[in-house]
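Analysis of the macromolecular model
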Protein chains: 6
Amino acid sequence: MRPSRRAPDELRPVSLERGVVKYAEGSCMVKFGDTHVLVTATLEERLPPWLKGQGRGWVTAEYGMLPRATLERTRREAAAGKQGGRTVEIQRLIGRSLRAAVDLEALGERQITVDCDVIQADGGTRTASITGAWVALADCIAWMKSRNMLKMNVLRDNVAAISCGIYQGTPVLDLDYAEDSEAETDANFVMTGDGRIIEVQGTAEKTPFSQDEFLALMELARKGVARLVDLQKLAVA
Amino acid sequence: MRPSRRAPDELRPVSLERGVVKYAEGSCMVKFGDTHVLVTATLEERLPPWLKGQGRGWVTAEYGMLPRATLERTRREAAAGKQGGRTVEIQRLIGRSLRAAVDLEALGERQITVDCDVIQADGGTRTASITGAWVALADCIAWMKSRNMLKMNVLRDNVAAISCGIYQGTPVLDLDYAEDSEAETDANFVMTGDGRIIEVQGTAEKTPFSQDEFLALMELARKGVARLVDLQKLAVA
Amino acid sequence: MRPSRRAPDELRPVSLERGVVKYAEGSCMVKFGDTHVLVTATLEERLPPWLKGQGRGWVTAEYGMLPRATLERTRREAAAGKQGGRTVEIQRLIGRSLRAAVDLEALGERQITVDCDVIQADGGTRTASITGAWVALADCIAWMKSRNMLKMNVLRDNVAAISCGIYQGTPVLDLDYAEDSEAETDANFVMTGDGRIIEVQGTAEKTPFSQDEFLALMELARKGVARLVDLQKLAVA
Amino acid sequence: MRPSRRAPDELRPVSLERGVVKYAEGSCMVKFGDTHVLVTATLEERLPPWLKGQGRGWVTAEYGMLPRATLERTRREAAAGKQGGRTVEIQRLIGRSLRAAVDLEALGERQITVDCDVIQADGGTRTASITGAWVALADCIAWMKSRNMLKMNVLRDNVAAISCGIYQGTPVLDLDYAEDSEAETDANFVMTGDGRIIEVQGTAEKTPFSQDEFLALMELARKGVARLVDLQKLAVA
Amino acid sequence: MRPSRRAPDELRPVSLERGVVKYAEGSCMVKFGDTHVLVTATLEERLPPWLKGQGRGWVTAEYGMLPRATLERTRREAAAGKQGGRTVEIQRLIGRSLRAAVDLEALGERQITVDCDVIQADGGTRTASITGAWVALADCIAWMKSRNMLKMNVLRDNVAAISCGIYQGTPVLDLDYAEDSEAETDANFVMTGDGRIIEVQGTAEKTPFSQDEFLALMELARKGVARLVDLQKLAVA
Amino acid sequence: MRPSRRAPDELRPVSLERGVVKYAEGSCMVKFGDTHVLVTATLEERLPPWLKGQGRGWVTAEYGMLPRATLERTRREAAAGKQGGRTVEIQRLIGRSLRAAVDLEALGERQITVDCDVIQADGGTRTASITGAWVALADCIAWMKSRNMLKMNVLRDNVAAISCGIYQGTPVLDLDYAEDSEAETDANFVMTGDGRIIEVQGTAEKTPFSQDEFLALMELARKGVARLVDLQKLAVA
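Worth saying up front: this structure is predicted, and the values here are computed from it rather than measured. (Residues numbered from 1 in each chain as written. Chains lettered and ligands numbered in written order. Predicted model: local features only at pLDDT ≥ 70, side-chain atom pairs only at ≥ 80, totals over all residues. Heavy atoms only, no water.)

**Notes on the sheet that holds strand 7 (residues 170–173) of chain F**
- The sheet built from 8 strands is open, its strands ordered 7(E)-6(E)-8(E)-9(E)-9(F)-8(F)-6(F)-7(F) with antiparallel pairing. Of all strands in the sheet, those with a lone pairing partner are strand 7 (170–173) of chain E together with strand 7 of chain F, marking the two edges. The sheet shows a mean angle of 15° between the axes of neighbouring strands, taken without regard to direction.
- The pairing of strand 6 (residues 159–167) of chain E with strand 7 of chain E spans 4 bridges and is classified as antiparallel. Across the sheet, Cys164(E) pairs through a bridge with Leu173(E), a residue of strand 7 of chain E.
- Helix-sheet contacts for helix 2 (residues 85–99) of chain F involve strand 9 (197–204) of chain E together with strand 6 (159–167), strand 8 (185–192) and strand 9 (197–204) of chain F, and the interaxial angle to strand 9 of chain F is about 150°.
- Sitting on the sheet, helix 4 (residues 125–146) of chain F touches strand 6, strand 8 and strand 9 of chain F, and the angle it makes with strand 6 of chain F is about 160°. (Pairing = 2+ DSSP bridges. Helix = DSSP H or I, 4+ residues; strand = E, 2+ residues; numbered from the N terminus. Axes fitted to C-alpha atoms, helices over the stretch in contact; angles between N-to-C directions. Contact = heavy atoms within 4.5 Å.)

Given below as structure tokens:
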């Protein structure tokens, strides 16, 4: 029995609320249960130096956590003077995941920066971030289209992400913090709307896992992502 | 005529929503019009080293702004590797303001950290932060009382803050960004529930001001703070 | 009775010595009693990037304290790897205060940097810094005039600053460290030669103060600044 | 045809040379073709603060690259003042991978730090690092055993890692730089001696991949890791 | 002919003024011509962690330059966020030089920190710093003696330093900036009162030098240091 | 008797192995006994900003130590977030030493960066670095010549370095760690192939030394450098 009494293949209640801040070209408050992330997408007519003059754009991401998003207060990274290893790892993952679904040539020489700030953390902040980031990105691109800034289609497909893990011997979908801290194995899957894989990260927290276990997790993830993509489509419709 | 069509002594719509995050001992989403700040109060049973063993506690504050709280994206301070001068100035102000209303001996050897994170910025983020911080602090202290952690009254009075300025020759209350960027003079007042002054910061943005002008601003502030204190009392009732 | 036996409205002995370092375009060793600050003004034919091409100049300030300016040694900020919050706050105040008296268009596309380094600290380092900085700035501008670099008048008025506070129930002028560390209330006033206000910062160190108390402080400050402005005029004559 | 003319399931020449530095408790120069990594294992009788007094030890890793390990010189991270995102990601992966095979209770309250410094980089530095790190770790543990510092078996199994990718449509094993920079898909597998998975990281560099493609990569990895584990056993025999 | 018209073996006018700041246990304003350095010595009853409990003390030094000590303004190291290589090199030299004349066991478990802050720089700031630092250190030790804190003699001998160089083919003593920037060779000598060498640093700025040239410089230095030691003795008498 | 049983004027076994990494324009693994340093020379067609457009090039150096090059593990500077004082001092010395033998005009507007990374440290890492760096530099310049990038001779002479010290009363050559940590006096000499001095750094670790002692060290150094220059000539022949 999962602590949340969910079925093994059951997501937490998911919501994707668009347009939550006034200034951003795209924004989304994404909730996976008690995990709440505020995502904004910012369009800028400038590129990192190493990309200039190549006829294509860039999508990048930054991730942060409000100090009291967590059970105990986490030190503010701005006060500590640097972003921690976990933050760096997550924001690189979000950026890579989104770029896999974007036609950077079609975007033109511009940069979209996606900021994912965790308001409340109950496990799965990176998967919620990616899922919400796609919505904010889609809105940012819609904003550009409505101003005739784009000639071609920029967004090739949906991108969503979900975690799975083996909790007390059973493969389960969308781990919350109570499960995550106890799980033997933990994997994050980032997938497209057509079911292909963008990124897989599986980690044996306690004991190494077998290929069959891994395939069971991937099967769960496939179901979860399909459901999330449906919700994204409803959200941006 | 003010850009927002408000009367000179009219606040923006103010809301103080409590309990907005799950884990914090106290929290408040404060809105002054389009300025939205999420405030949390965290209780910790530890003190900065220089305060240990003196039989009294401490209240401190940290301030941050989400990158896209602003019209154009502001660089994330955690990525820049340090907090900017404006951030430092504001968080020191918030901490001092709250401490003026707290009996640190009665608090005991504990620290309360107030985090003010600006979700959306339309002028007056520091005054909204202080006003909301008092609510989060009050809830944190109530949380302690309900657990019999306090023998005496810790919070001596309400604390609220408002900005005033001279906009196109007229003293006005609670400047929004449109006014703030044009104002000749800008002052922030932090006051107690009984009308005394905790902190005054007046700055001639363009031309120095006379004593009479300053007194007119102080008069407006007195009215504004009285209204904010009423709203705080309603919020925590 | 004040620890220094001064009358409530009596300044410490003030001296403003010009030309104290060889290379700077303007310099001043300012002393308010045992508080000694070495101020230099540096002219540079370059501007911060965000100001370029707007046809006006900039005046900025930096503040530092020698490690043994204080009773106990203070850690060197260069060794600590960053400027502390108090330093940042003070140098922003000095810069704003000076800019309020400078016609930046008349200055042209140049920057004047005022460095205030505290050699010995006995309270009031920020007010001494501002008062001395005006002298160094005036000398820097005189240096420019003598080289025909300026067509118009750049300096609109004098700028001086003084602290006041309520010490053992009495409003007193120009607090030294012994008073400052005991004062109930502490306010810094930056004013022009014609008696208008550039900046007011009042802080209730222990108990909030009333409007009448604040007005009494402002009255003292007005007298003190008038005296400082007289001394500035003597110094640059 | 692969640029190196290897068969799709063929590793580069691998060597694992032990005892390459004088002072370390364990060390290994690992070469995967032109990728050379010097690994040391350091035993220290101290723990990170958060682990003290829990009756178990810790294994952690740090990763670095000599500036001219690469085709063009890479900026020295010590001079840049921080470790980059890629470095942080890799050293966290190495640490997690090794811990999955170590019985931390049996290790006792001690820390082993594994340093992986890339002398020459031709793709696959993280997989070579993990594979060599296991050898250095094994030698460090043997060093402890020979001093009767351990009562129980600490190392549960071998750990080795290999990359796979889809290069010009074909799944291939152990990508070198020429392949890695062209590959559509890139995955790193960390596995145990008995064929279970510790960590999987698959990334669609250009186009998302299907589940079948992923399974083909995993199959290749299984073969490659089995071969690496054989070589480890030979090395420590 | 030297730019300053000095004879080849002639020092600049040297002054050593003691007691120049109010709080320090020892202080000295040292001037070598237009090079002015304010030195303070601070006694603290604590040690760096690696020295605790060994029954001996420590003498260390920090060095800084006010931004406008130089012809053009130098960036403030506290603002830059780190001490530059030159600063680090010089402060290590000062510390080593002083320690060579101090009996650290006799000092007891205490630390003396010498701060050398350059007010005006015209060449030779490190040699002036060392020469003045000895005076501040001597006063700090006298301060301790007068409080019966020392049982034995702590200071074994005088320490002074001077630069020499080959300027337009001629060995000259005590280079000022005009000479230093043109010199072919530049050497700094730190010596004791009895003529022994503590530290020699010779650098061929342009062309390597012969042993005879080096010996000529050393001979000049010996004379210069003897003169400085006489001045130190007069100063502390 | 020296711990290593060497004669007082005997070097440790020295080897200079060229071409040890694949990508660098020049490289050398230099060994002085158990001190091993990997040196690379990188040619870049760019200059530091302050050197641009002056018709001459630059040679600079960086120095690092692998964490377990030492008996106990040293903290990684990239993780600490800055280069320590010793590192800064050494890399500045290496750069200055090499530049003394390079015709920067003949090099043209290019930069050569020499990276010295200590693989194993047993005393004398800076002298080994300089000696090996000359070999890497010579190879880099040969690489340029073979591509017709140079019209004139760039390298004026050999550069090599050796340490000497007074160990148990006897002047000895090429101190290893066991001697260095016990020596009363320690000096490093950087010299050219024709026996002139580029840099001398002598430090009295414990007691100041006399001029005669210093000359005895210089005599030893002269012999040692002559031998090292012979080995360099053999290496690049």
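**A short note on a positive patch on the surface**
- There is a patch of like positive charges on the surface, built from Arg75(A), Lys82(B), Lys82(C) and Arg75(E).
- One can find Lys82(B) in the loop between helix 1 (77–80) and helix 2 (85–99). (Patch = residues over 30% accessible without salt bridge, like charges linked within 9 Å, V, L, I, M, F, W, Y side chains within 5 Å. Areas by Shrake-Rupley, 256 points an atom, 1.4 Å probe, with all protein chains shown as cover. Salt bridge = Lys/Arg side-chain N within 4 Å of Asp/Glu carboxyl O. Lys, Arg positive; Asp, Glu negative; His and termini not counted. Charge placed at Lys NZ, Arg CZ, Asp CG, Glu CD.)

**Details of the sheet that holds strand 2 (residues 26–32) of chain B**
Residue and element names in this part refer to chain B.
- As summarised here, the arrangement of the 5 strands in space is 1-2-3-5-4, forming an open sheet in which the pairing is mixed. Single-partner strands in this sheet number two, and they are strand 1 (14–18) and strand 4 (58–65). The mean angle between the axes of side-by-side strands here comes to 20°, regardless of whether they run parallel or antiparallel.
- Sheet topology note: the strand 4/strand 5 (residues 111–120) ladder contains 8 bridges and is parallel. Counted as the bridge partner of Met-65 is Val-118 from strand 5.

**Quick word on the side chain of Arg76(A)**
- Summarising the element assignment, Arg76(A) is placed in the loop between strand 4 (58–65) and helix 1 (77–80).
- According to the relative accessible area criterion, Arg76(A) is buried, its value standing at 8%.
- Every residue in contact with Arg76(A), bar those within four places of it in the chain, is listed here: Pro67(A), Glu62(B), Tyr63(B), Gly64(B), Gln83(B), Asp115(B), Cys116(B) and Asp117(B). (Buried < 20%, exposed > 50% of the residue type's maximum accessible area, 1.4 Å probe, protein only.)

**Examining the pairing of strand 5 (residues 111–120) of chain F**
All names here are of chain F.
- The element strand 5 is extensively covered by neighbouring structure, given that 10 of its 10 residues are classed as buried.
- With 9 bridges joining them, strand 3 (residues 35–44) and strand 5 adopt antiparallel strand pairing. Bridge pairing in strand 5 places Ala-41 opposite Val-114.

**Overview of the interface of chain E and chain C**
- Taken together, the contact pairs 37 residues of chain E with 37 residues of chain C.
- Summing both partners gives a buried area of about 2900 Å² for chain E against chain C, and 51% of it is carried by carbon and sulfur.
- Its largest share of buried area at the contact with chain C, chain E owes to Tyr23(E), Arg68(E) and Arg73(E), together 28% of the area lost on that side.
- Run the count over chain E and chain C and you get 14 salt bridges.
- For Asp115(C), the salt bridge identified is with Arg73(E), shortest N-O distance 2.6 Å. (Buried area = accessible area lost by both parts, 1.4 Å probe.)

**A look at the relation of the copies chain E and chain C**
- Superposing chain E onto chain C requires a rotation of 180° together with a translation of 0.0 Å along the rotation axis, leaving an RMSD of 0.0 Å. In short, the pair behaves as if placed about a two-fold rotation axis. Looking at the rotation axis and the C-alpha trace of chain E, the residue lying nearest is Ala78(E), at 1.9 Å.
- A shared interface surface links the copies, since 100% of the contact residues of chain E are contact residues in chain C too. (Least-squares fit on C-alpha atoms with pLDDT ≥ 70 in both.)

**Here's the deal with the UniProt feature "domain: Exoribonuclease phosphorolytic" (unreviewed entry) in chain A**
All names here are of chain A.
- In this numbering, the UniProt entry assigns the feature "domain: Exoribonuclease phosphorolytic" (unreviewed entry) to residues 10–140 and 158–224.
- Segment residues 10–140 splits into 30% helix and 31% strand. End C-alpha atoms: 30 Å apart.
- With 27% helix and 43% strand, residues 158–224 has end C-alpha atoms that lie 14 Å from one another. (UniProt positions renumbered as here; feature names shortened; annotations may be inferred.)

**Digging into the pairing of strand 3 (residues 35–44) of chain A**
All names here are of chain A.
- Here strand 3 lies mainly inside the structure; 10 of its 10 residues are buried.
- Neither face of strand 3 is exposed, since Thr-35, Val-37, Val-39, Ala-41 and Leu-43 on one face and His-36, Leu-38, Thr-40, Thr-42 and Glu-44 on the opposite face are all buried.
- Here strand 2 (residues 26–32) runs beside strand 3; their pairing, made up of 7 bridges, is antiparallel. Counterpart to Ser-27 in the pairing with strand 3 is Thr-40.
- The hairpin turn running from strand 2 into strand 3, its antiparallel successor, is 2 residues long, and Gly-33 in that turn takes a positive phi close to 60°.

**Focus: unusual backbone geometry**
- Its identity is not glycine, yet Asp174(A) carries a phi of approximately 60°, on the positive side.
- With respect to the secondary-structure elements, Asp174(A) resides in the loop between strand 7 (170–173) and helix 5 (177–180).
- Here the phi dihedral of Gln168(F) falls at roughly 50°; this positive angle occurs in a residue that is not glycine.
- Relative to the elements of secondary structure, Gln168(F) occurs in the loop between strand 6 and strand 7.
- Given the relative accessible area of 58%, Gln168(F) is considered exposed.

**Points about the packing of aromatic side chains**
- Tallied over the full model, the rule gives 21 aromatic pairs over all chains.
- When the centroid spacing of 5.9 Å and the interplanar angle of 40° are considered together, the rings of Phe189(B) and Phe214(B) count as tilted. Taken as a pair, Phe189(B) in strand 8 (residues 185–192) and Phe214(B) in helix 6 (residues 211–236) lie far apart in primary sequence, 25 residues in all. Of the two residues examined, Phe189(B) and Phe214(B), each falls in the buried class.
- Aromatic ring contacts, followed pair by pair, group Phe189(A), Phe209(A), Phe214(A), Phe189(D), Phe209(D) and Phe214(D) into a single cluster.
- Above the ring of Trp143(C), the side-chain terminus of Arg147(C) is found at 3.9 Å from the ring centroid. (Phe/Tyr/Trp six-rings, centres within 6.5 Å; stacked < 30°, edge-to-face > 60°. Lys NZ or Arg CZ within 6 Å of the ring centre and 35° of its normal.)

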